[in-house]
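Single-letter residue listing:
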Amino acid sequence: MKHNSPQAQPGTPVRHFGLRLSPTPRGARLARLLAAEQLRSWGLPSERAAHVVAELAANAATHGRVPGRDFGLLLYVVGGTLRIEVTDTRDDRLPLARPADAEAESGRGLLLVDALADRWGVTRGLPPRKTVWAELDLRPEGRTAPVPPRTLRP
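Rules of the game
- Residues numbered from 1 in each chain as written.
- Predicted model: local features only at pLDDT ≥ 70, side-chain atom pairs only at ≥ 80, totals over all residues.
- Heavy atoms only, no water.
- Helix = DSSP H or I, 4+ residues; strand = E, 2+ residues; numbered from the N terminus.
- Buried < 20%, exposed > 50% of the residue type's maximum accessible area, 1.4 Å probe, protein only.
- Contact = heavy atoms within 4.5 Å.
- Areas by Shrake-Rupley, 256 points an atom, 1.4 Å probe, with all protein chains shown as cover.
- Pairing = 2+ DSSP bridges.
- Axes fitted to C-alpha atoms, helices over the stretch in contact; angles between N-to-C directions.
- Arc of directions from axis to C-beta.
- Core = buried A, V, L, I, M, F, W, Y, C linked by side-chain atoms within 4.5 Å.
- Lys, Arg positive; Asp, Glu negative; His and termini not counted.
- Salt bridge = Lys/Arg side-chain N within 4 Å of Asp/Glu carboxyl O.

A. Structural context of the overall build of the protein chain. Looking only at helices and strands, the protein chain features 3 helices and 5 strands. Ordered by position in the sequence, the α and β elements of the protein chain form the string β-α-α-β-β-α-β-β. Buried positions account for 38% of the 154 residues belonging to the protein chain. Restricting to contacts in the protein chain with at least 6 residues of sequence separation, those with at least 24 account for 66%. Looking at the protein chain as shown, the accessible area adds up to about 9600 Å², and 54% of this sits on carbon and sulfur atoms.

B. A look at the sheet that holds strand E1 (residues 14–21). Ordered in space as E1-E2-E3-E5-E4, the 5 strands form an open sheet in which the pairing is antiparallel. Both outer strands of the open sheet, E1 and strand E4 (119–124), are each paired with one neighbouring strand and no more. Recorded for the sheet is a direction-independent mean angle of 15° between the axes of neighbouring strands. Sheet topology places E1 next to strand E2 (residues 71–78); 8 bridges connect them, and they run antiparallel. Paired with leucine 19 across the strands is leucine 73, a residue of E2. Lying on the sheet, helix H2 (residues 47–62) is in contact with E2, strand E3 (81–88) and strand E5 (130–137); it crosses E3 at an angle near 15°.

C. Here's a closer look at helix H3 (residues 109–116). If you check which residues of H3 are buried, you get Gly109, Leu110 and Val113. Taken end-on, H3 shows its buried residues confined to a sector of 90°, consistent with a single buried face. In this structure, the buried side of H3 is in contact with H2, E4 and E5.

D. Quick look at the nonpolar core. Residues Leu56, Leu73, Leu75, Leu82, Ile84 and Val113 are the most contacted members of the largest nonpolar core, which totals 32 residues. Listing elements by their share of this core, those giving two or more residues are E1, helix H1 (25–41), H2, E2, E3, H3, E4 and E5. Per-element tally for this core: the top contributor is H2, with 7 residues. Apart from the residues lying within four places of it in its own chain, the contact partners of leucine 75 are Arg15, His16, Phe17, Ala35, Gln38, Leu39, Trp42, Val53, Leu82, Arg83 and Ile84.

E. Highlighting the side chain of aspartate 91. Note that aspartate 91 resides in the loop between E3 and H3. One buried charged residue, aspartate 91, remains without a salt bridge, the closest side chain of opposite sign being arginine 124 at 4.3 Å. Contact partners of aspartate 91, with chain neighbours within four places excluded, come to Arg124, Pro127, Pro128, Arg129 and Lys130.

F. Broad picture of the pairing of E5. Across the 8 residues that make up E5, a large majority, 7, are buried. Relative to E5, E3 runs antiparallel, the two being bridged by 8 bridges. When the sheet's bridge partners are listed, leucine 82 is paired in E5 with leucine 136. With 6 bridges joining them, E4 and E5 adopt antiparallel strand pairing. Looking at the pairing, tryptophan 120 lines up with alanine 134 of E5. Linking E4 to E5, which pair antiparallel, is a turn of 5 residues.

Structure representation (structure tokens):
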């Protein structure tokens, strides 16, 4: 898939956060929690992004798992776009969003990502890596402005 990264304009701050996690259910939960906390620390809305991270990390831990190899999580903000990247070491298993069986207990993760993200896709890396990415446009109404410190007057 074509990879369209947001481009930084001169003077636009670029924020990033990345880490490696074990490809386990615990690692996937930790990815969601740490991403939500990082976004809160940046003063950005985190609920939609946390759901996307949860789905992509769960997929990496379930379908991209290779014993002894971690998966990577990268968040970065350029301009008005948050990009979420989850990299695993199973480039032979590319994700595909498809309707889930009504009786199935799983298989809806990428449908959720498709509904929550403004764009998403897959980029093959150096073998055996692949990165599943999602971009969320940070809408002005969704932003939380930092609260200025209060000045106490005598």
